[in-house]
Structure formats: structure tokens, C-alpha cells
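# Structural characterization, general
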Amino acid sequence: MNKKIFVLKTKIVLLAALFTSLAGFSQKQWTLKECVDHALKNNITIKQNRLNIELAEKDVEIAKGNFLPNLGFSNSHNGSFGLSSGISGVNTSQDRYSTNFSLNAGGTIFNGFRNLNSKKQSILNIEGNKLDLAKIENDISLNVVNTYLNVLFAKENLAVAKTQAEISKKQIDRAQAQFDAGAVPKGDLLNVQSTAANDVQNVVLQENTLNLALLQLAQMLQISSDNFNVMTMEVDSPSAALLYNSANEVYNKALTNRPEIGRAKLNVENADLGIELAKGAYLPTLTYSANARTSYFTVFGEPDVIQQLDPVTNTVVSIPNGFGTQLDNNLSYGLGLSLNVPIFNRFQTKNRVAKSIINKEQSKFALESQKLQLQQEIEKAFLDAKAAAKTFEAAKISLDAQKEAFKNAQVSYDYGSMTQFDFDQVRNRLVNAEGAMIRAKYDYVFKTKVLKFYFGESIVD
């Protein structure tokens, strides 16, 4: 009996441990780095662009194949049945069969370096697709960071709302006691109850805002939003070191690491190759070919022999002429070179070269436009980060002052030297200061991360 009780207790302990483990797993809090890494690994757009890289790699293999010869084998079978005219002109009934074998090869020796330039373009396309992928990954990372910070912002707003609701709840008890003692009119009690009801409504509103922020982040990560939660971040005071020395410092660094700039530069290089490809049509093309052929012929119903006169015996002899013998006797080889010199092609090549030159100019302007857009974005981000740091500092000072004012008001209110209306005014200013502080803090965090983003530093720390 004791043994059974021991086994039962053991099972209960194991089940409790299992449920505790499952509960801990379901309550996992995602860090910012985990969110970004998960998005980069599972995002569908990123997966599609990785396939684009694989496609570009296959284009390189195709371009390399242009340097190799073509090799093909062909075999044909022919049969004729019924009457046919022989040498004597007499129609006879013969069923004939023949087969032909051919092995052909050919390739390009020179075509104006077009094969070489096509291969170079294919290699550039791989690098271009990698840069496109890097751009998409950067954008997704920044979006995840922004959404993650929105969740933290909503969490802090909810915490402030709950604190205010608790304060209002305590004030109801105090106001009720004062009203019961006849120290305050019923209007003061109703005002306190109304304020508490508004605070409860605000808690519900902030909870919904948090749930929506978590849902948006979960959808971005392509995971279930059930029991999904994130870990909070410690935000220190603004530091001038995070803002760098100037916007130009960030811009000059961004020119070396931003994938969109690298992509625009590759497009210019690609346009140069496009010009060389078009000019290649001015040059002659030299190709080669080689082949080997053989055949077999027979008349159905007759032996595969050849009638020949033997000069020694002066008699007609039959020489075997079967399938293998004919294939060997009929085997022939061929080699060929072909030179094609362009003389006039209706100005097609001239106009294609001109279009390629225009395309290069467009690519150069696109590069300058990309640089200008990047510079403007960084200048704005730099000023935004500076303003966010100053706003953060001012919000902290304001919040500290409002906290002290609220402490003093609480004491005055408790002693009855401050009216409910005046106390609510002080408390409202504290709530507003707390909200402003939260907004300023996360605005500062995000905008400094944007600067790091352009500078090429990690934004998930």
C-alpha cells in the first residue's frame, strides 16, 4: 500500500513538473534579437529573394556553357515498299530499308567577346541580387525593431494606467469614509468615482493597444499570437556618443555599407558591359563545326552481299555487306569553319550601342539620386535623433518635478488642506508627464537606432 502511495506521489510530482515546464515554455519572452533573427529566417519575401540568387547563379552556369561546343546525335530510318524502277528501267517489287547515323558538334571561336561579357554580366547579377536581399533584410530588421518598441511603449502605458487606477480606487475608499462622516459633500464622492471609472476605461484601452501591438509583431514574425510576449529593454540616458559627430560622418560611412548604394554602383558597371555587348556586333563571328556520318541500306528478302568479279578466277563472287560492314565502309568525317563579317544591318548595331550608352547615363543619374536620397534621409535622422535626445532629457526633468509635486499634493490632500479638484489637477499633470516621458524615451531609442542602422552598426542590442 505504501508502495502504491509512493508511486502515485511520484506521478503527481512528474506531472506537476511537466505542466510547470509547459507553462514556462508558453510564457517565453522574446528578446529583440530573437525577433529579428526569426523574421530574417522565416520571412517569405526574404526566402523568395534567396531563390533569386540561386536563379542568378544558374544564369552564370548558362553563360559559361556558351564557351563549350554543342554535341548532338541523330538517327533516321526510311523504308519504301512496292514497285520501284531498277537500272534496266523495269519496275520490280522491292521493299527497301535504310538508316543513317550522324554525330554533329559545333561552337563559337569568336563573337566579339559577347560570350565573355555575358558571363561578366551574369556574375554581376549574382552580386546585385545579394545586395537586393541585404536591402530587404535591413528594412525588415528596422520594421521589427520599430514594432518591438511599440510593444514596449504600450506595456509602459498600460503600467501607468494600472497605477493610476489603483490610486483612484484608494481615493474612492477615502472619499466614501469622508462622505459617511459628513466631511465632504456627495459631489466630491461622485467626482472621485467618475475619475476612477475613467481610469478603469483607460486600463482597458491600453490593454487593447498592447494586444494589438503584440498581434502586429507576431504577424510580422509569422507566428501565433497566443501567449506571445516580449522582454523589456533597459533604456539609459541619452549620450552624445550615440549621435556621432555630424550627419556627414554617418553619410560617408553609409556610402560604404548601404546595399542600395552598392546596387546602384553595380548597375553602372552592368551598363558598361551592356555597351561592350552591343559593340560586339560590329566584330566578325567565327564558328566551327565537325561531324561524322554513316549509313546502312538493305532490300528485304535479299542477302546483304555485293556481287564483284574476281580478277584471278574471272568469276563473280559474293562479298558480305551486312549492317556492321556498311556502317564501317560508309563512315565519313567533316570539319568546317564559318566566318560572318557584318557589313550593314540597317543601323541596328549603331542604335543599340547608342541605347546602351543612354542606359549607362541613366544608371549614373540613378546612383547620384540614390546618394542624394540617402544623404537627405541621414540628415533628417540626425536632426530627429538630436531633438529626441533633448526631448527625452526635458521629459525626465518634467517627470521628476511632477512626481515631487504629486507627493506634496498627496500629503496636503490627506490632511484636508487641498480640494479634490486641485488634487486631480496635480495628478493629471503627473499622468501627462509620465506619458510624455514614455513617448520621448521610445522615440529617442528608435531614432538613435535609425542612425546606427545607417552607420552600419547593430540595431538589435
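Before reading further, recall that the structure is shown in the block above.
We now turn to the structure provided with this report.

Cut-off values and rules
- Residues numbered from 1 in each chain as written.
- Predicted model: local features only at pLDDT ≥ 70, side-chain atom pairs only at ≥ 80, totals over all residues.
- Heavy atoms only, no water.
- Helix = DSSP H or I, 4+ residues; strand = E, 2+ residues; numbered from the N terminus.
- Buried < 20%, exposed > 50% of the residue type's maximum accessible area, 1.4 Å probe, protein only.
- Areas by Shrake-Rupley, 256 points an atom, 1.4 Å probe, with all protein chains shown as cover.
- Patch = residues over 30% accessible without salt bridge, like charges linked within 9 Å, V, L, I, M, F, W, Y side chains within 5 Å.
- Salt bridge = Lys/Arg side-chain N within 4 Å of Asp/Glu carboxyl O.
- Core = buried A, V, L, I, M, F, W, Y, C linked by side-chain atoms within 4.5 Å.
- Axes fitted to C-alpha atoms, helices over the stretch in contact; angles between N-to-C directions.
- Parallel < 35°, antiparallel > 145°, perpendicular 65-115°, else oblique.
- Left-handed = near helix turned anticlockwise from the far one by under 90°.
- Nonpolar A, V, L, I, M, F, W, Y, C, P; charged D, E, K, R; others polar.
- Polar contact = N/O pair within 3.5 Å; in protein donor to acceptor, adjacent residues only side chain to side chain.
- Contact = heavy atoms within 4.5 Å.
- Expected span 1.5 Å × (residues − 1).

## Looking at the overall build of the chain
- Helices and strands together make up the secondary structure of the chain, namely 10 helices and 10 strands.
- Among the 461 residues that make up the chain, the fraction classed as buried is 32%.
- Of the roughly 28,200 Å² of accessible surface on the chain, 57% is carried by carbon and sulfur atoms.

## As for a nonpolar patch on the surface
- On the surface, Phe-67, Phe-113, Leu-116, Tyr-282 and Leu-283 cluster together into a nonpolar patch covering about 470 Å² of accessible area.
- Tracing the chain through its elements places Leu-116 in helix H4 (residues 114-180).
- On the accessibility criterion, Leu-116 (34% relative accessible area) is partly exposed.

## Here's the deal with the nonpolar core
- Grouped together as the largest cluster of nonpolar side chains are 73 residues, with contacts concentrated most on Tyr-148, Leu-149, Leu-217, Phe-228, Val-230, Ile-378 and Tyr-454.
- Going through the elements one at a time, helix H2 (32-42), helix H3 (44-65), H4, helix H5 (186-221), helix H6 (247-257), helix H7 (259-279), helix H9 (348-415) and helix H10 (420-455) are the ones with two or more residues in this core.
- Broken down by element, this core gets its largest block of residues, 16 residues, from H10.

## Comments concerning the packing of H9 against H10
- Look at H9 against H10: their axes get within 6 Å of each other, and the N-to-C directions meet at 155°. One element, H9, and the other, H10, form an angle in the roughly antiparallel class. With respect to the hand of their crossing, H9 and H10 are arranged in left-handed fashion.
- In terms of residue class, the contact of H9 with H10 is made up of 25 nonpolar, 5 polar and 10 charged.

## Considerations on the side chain of Thr-285
- Along the chain, Thr-285 turns up in strand S7 (residues 285-299).
- Note on Thr-285: relative accessible area 18%, which makes it buried.
- In this structure the side chain of Thr-285 is engaged in a polar contact, spanning 3.2 Å, whose partner is the side chain of Arg-114.
- Ignoring any residue separated from it by four or fewer positions in sequence, one finds Thr-285 in contact with Phe-110, Asn-111, Arg-114, Ser-338, Leu-339 and Asn-340.

## Brief notes about the environment of Leu-71
- Tracing the chain through its elements places Leu-71 in strand S2 (residues 70-80).
- Look at Leu-71 and you get exposed, because its relative accessible area is 66%.
- In this structure, the C-alpha to C-alpha distance between Leu-71 and Leu-103, residues 32 residues apart in sequence, is 7.4 Å.
- Ignoring any residue separated from it by four or fewer positions in sequence, one finds Leu-71 in contact with Leu-103, Asn-104 and Ala-105.

## So, H5
- Between its terminal C-alpha atoms H5 stretches 53 Å, which fits the 52 Å expected from 36 residues at 1.5 Å a residue.
- Just past H5, the residue Gln-222 takes up positive phi, approximately 60°.

## A few points about the pattern of salt bridges
- Inspection of every chain in the model, using the stated rule, returns 14 salt bridges.
- Between Glu-156 and Lys-441 there is a salt bridge; the shortest N-O distance is 2.5 Å. Note that Glu-156 is positioned in helix H4 and Lys-441 in helix H10, a separation of 285 residues in sequence.
- The partly exposed category is assigned to Glu-156, whose relative accessible area is 23%.
- You can call Lys-441 buried: its relative accessible area is 14%.

## Focus: the packing of H6 against H10
- Direction vectors running N to C along H6 and H10 enclose 50°, while the axes themselves pass 7 Å from each other. Here H6 is positioned oblique relative to H10, judged by the angle of their axes. Every residue of H10 that contacts H6 at Glu-249, Val-250, Lys-253, Ala-254 and Asn-257 is listed here: Leu-451, Tyr-454 and Phe-455.
- For the contact of H6 with H10, a count of residues per class yields 5 nonpolar, 1 polar and 2 charged.

## A few points about unusual backbone geometry
- Backbone geometry places Phe-113, a non-glycine residue, at a positive phi of 65°.
- Position of Phe-113 among the secondary structure elements: in the loop between strand S5 (96-110) and H4.
- For Arg-346, which is not glycine, the phi torsion reads 65° and is therefore positive.
- Secondary-structure assignment places Arg-346 in the loop between strand S10 (332-340) and H9.

Any link to function would need more than the numbers given here.
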